[in-house]
Amino acid sequence: MKRYFLVIFLSIGIGAYANAAVLLDSIAEQCGISQRIECENCDTVIDVDGYAVRVTKDSGKLRHLGLDLFTPELKRMSDKGLMDFIETSLFAKSRNTEIGNSALLKISKGKIADFRMLNPDSVCDINHTNANKMSVEWTLDGRRVAVNLPTNYDTAKTGSRSEIEQDFIADVKAGGLERMPFGEIDPEDLEPYGDEMYILPGGSYMNRNINRHIYLKDNEKMCPVWTHERPLESMANLFLYPSEEYADPMVEVTVLKHEYGEKETLTVPLSHLIAAAEDDGCMTFWGIEKFEDEKLTGSLFFYNRMQGYDHVVKLECEPAEVIEGTGSLKARASLFIPTNNVRDLFAPYVKKTEDQKIKYDKK
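Within each chain, residues carry numbers counting from 1 in the order of the written sequence. Two thresholds apply to this predicted model, a pLDDT of at least 70 for residue-level local features and 80 or more for giving and counting side-chain atom pairs, whereas whole-chain, interface and lining totals are computed over all residues. Based on all heavy atoms of the structure, the side-chain values leave hydrogens and waters out of the count.

A. Broad picture of the overall build of the chain. Within the chain one finds eight helices and 19 strands. Residue pairs at least 24 apart in sequence account for 54% of intrachain contacts in the chain once pairs closer than 6 positions are excluded. With the model as given, the accessible surface of the chain reaches about 19000 Å², and the carbon-plus-sulfur share is 48%. Here a strand is any run of E in DSSP of at least two residues, a helix any run of H or I of at least four, and the numbering for each starts at the N terminus. Whether two residues are in contact is decided by their heavy atoms, any of which lying within 4.5 Å being enough. Working definition of accessibility: Shrake-Rupley area with a 1.4 Å probe, residue cover restricted to the visible protein chains.

Structure below.
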């Protein structure tokens, strides 16, 4: 069992899915609070029968509706989709109803009325067990209040696999989401890289060539490398380390959908794609496949550890043009791939013996 303790900071950024928005509108109407939230844009907390309820709207669309239990930073640190799901499900239960998959959330200790006395400043423990179950526990007046839920990708998301894919595509198209802050860099973690640069080693994923390494040209100002002379380092920074120093190139993404033979092509700023994945609770990793004749081929892996899936995006571009601000990227994406399947793609081939081979009877 891995145990995670909450650390409370302030941050921003709230997203949603189209199917979920319909359900949120429905429960808001059922509970008679729609008339209280007629504003076009808001991020506020209202009182509903003693429960503190956070309401977020963007361009007139309800993006989130749930008990106000977790800070935005905590959601980013754990899994925003699941934490939003907990808040929304508990709000539904406080109204003696269920919404979407909210029945999957169980109150294992305490009762729903206890959540009237909890808020984002309430310290709690998050436990993730066997990669498929999550629990959150609070201490309230010397006793424990807890919830648990499965952590499959379709727990916090509503609809079929195809609808979930389409909702993610809609988020990418819509934009408006912010990329996840990289976090403060400790200069002592930097290692010399060449004569005038530094590398901040990041974690790797599946193998050491797929990682989160970023490259800096100054260990005091933390300026990222962004130059024609260092195309590979510059592109790694573009994907992994948000900065205003870069261009935001357009990427033409062909999404290979779950339904065999179906695909959709969209052209959006690269930041829209990465921000949507990060808002979905994914961590970004980058791996280079080849760099020949000024053309780069590599893959982005958007890995959601808590929900056990990846978005895998294979990219092609000419780094010199992207760095100049005139280039774009082409990509092919597969969404919501179970992580075990992704690992199988990179497993070394083992030649089968004659006994291991599948036998076919000849008629």
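Moving on from the coordinates now.
B. Expanded view of the packing of helix 4 (residues 161-174) against helix 6 (residues 270-279). Axis angles are defined between N-to-C directions and span 0 to 180 degrees, where every axis is a line fitted to C-alpha atoms and, for a helix, only to the segment in contact. In the contact formed by helix 4 and helix 6, the axes pass within 8 Å of each other and the chain directions differ by 130°. It follows that helix 4 is oblique to helix 6 by the angle criterion. Every pair of crossing elements has a handedness; the one defined by helix 4 and helix 6 is right-handed. Every residue of helix 6 that contacts helix 4 at Phe 168, Asp 171, Val 172 and Lys 173 is listed here: His 272, Leu 273, Ala 276 and Ala 277. Split by residue class, the contact of helix 4 with helix 6 holds five nonpolar, one polar and two charged. For this classification, under 35 degrees means roughly parallel, over 145 means roughly antiparallel, 65 to 115 means roughly perpendicular, and everything else is oblique. It is the rotation of the near helix from the far one that decides the hand of a crossing: anticlockwise by less than a right angle makes it left-handed, clockwise makes it right-handed. When residues are sorted by character, Ala, Val, Leu, Ile, Met, Phe, Trp, Tyr, Cys and Pro go into the nonpolar class, Asp, Glu, Lys and Arg into the charged class, and all the rest, Gly among them, into the polar class.

C. The packing of aromatic side chains, seen in detail. Side-chain rings of Phe, Tyr and Trp (the six-membered ring for Trp) are treated as a pair once their centres are within 6.5 Å; stacked means planes under 30 degrees apart, edge-to-face means over 60, and tilted covers the remaining angles. Summed over all chains, the structure comprises eleven aromatic pairs. Judged by centre distance (5.5 Å) and plane angle (90°), the ring pair of Phe 115 and Trp 138 falls under edge-to-face. Within this pair, whereas Phe 115 is found in the loop between strand 5 (106-109) and strand 6 (124-129), its partner Trp 138 is found in strand 7 (residues 133-140), the two being separated by 23 residues in sequence. Trp 138 matches Phe 115 in its accessibility class, with the two residues each being buried. Here the aromatic rings of Tyr 309 and Phe 336 are separated by 4.9 Å at their centres, their planes lie at 50°, and the arrangement is tilted. One end of the pair, Tyr 309, is in strand 18 (residues 309-317); the other, Phe 336, is in strand 19 (residues 329-338), with 27 residues separating them in the sequence. Pair check on accessibility: Tyr 309 and Phe 336 agree, each one buried. What links up through ring pairs into an aromatic cluster is the set Tyr 205, Phe 285, Phe 301 and Tyr 303. Burial classes follow relative accessibility: with a 1.4 Å probe on protein chains only, a residue under 20% of its type's maximum area counts as buried, one over 50% as exposed, and anything between as partly exposed.

D. Structural detail: the pattern of salt bridges. Should a side-chain nitrogen of Lys or Arg be within 4 Å of a carboxyl oxygen of Asp or Glu, the pair is scored as a salt bridge. As enumerated under the stated definition, the model contains 19 salt bridges in all. Notably, a salt bridge pairs Glu 137 with Arg 144, separated by 2.8 Å at the nearest N-O pair. Residue class for Glu 137 comes out buried when judged on its relative accessible area of 16%. For Lys 330, the salt bridge goes to Glu 252, with nearest N and O atoms at 3.7 Å. With Lys 330 in strand 19 and Glu 252 in strand 14 (residues 250-256), the pair connects residues that are 78 residues apart, well separated along the chain. Put simply, Lys 75, Lys 80, Asp 84 and Glu 87 are held in one network by salt bridges that share partners.

E. Quick look at the sheet that holds strand 18. Spatial strand order, 11-12-16-17-18-19-14-15: eight strands in an open sheet with mixed pairing. Looking at which strands have only one partner, the edges of the open sheet turn out to be strand 11 (204-205) and strand 15 (263-269). Of the strands in this sheet, strand 14, strand 15, strand 16 (283-292), strand 17 (295-304) and strand 18 touch helix 6, which is tilted by about 110° from strand 15. Here the rule is simple: two strands pair whenever DSSP picks up at least two bridges between them.

F. Focus on the sheet that holds strand 4 (residues 61-67). Overall, antiparallel pairing links the three strands, which are arranged 2-3-4 in an open sheet. Lying at the two open borders of the sheet, with one neighbouring strand each, are strand 2 (42-48) and strand 4. Pairs of neighbouring strands in the sheet enclose a mean axial angle of 20°, with direction left out of account. One ladder, built from six bridges, connects strand 3 (residues 51-58) with strand 4; its direction is antiparallel. Opposite Val 53, over in strand 4, you have Leu 67 as the bridge partner. Docked against the sheet, helix 3 (residues 80-94) engages strand 2, strand 3 and strand 4, running at close to 70° with respect to strand 4.

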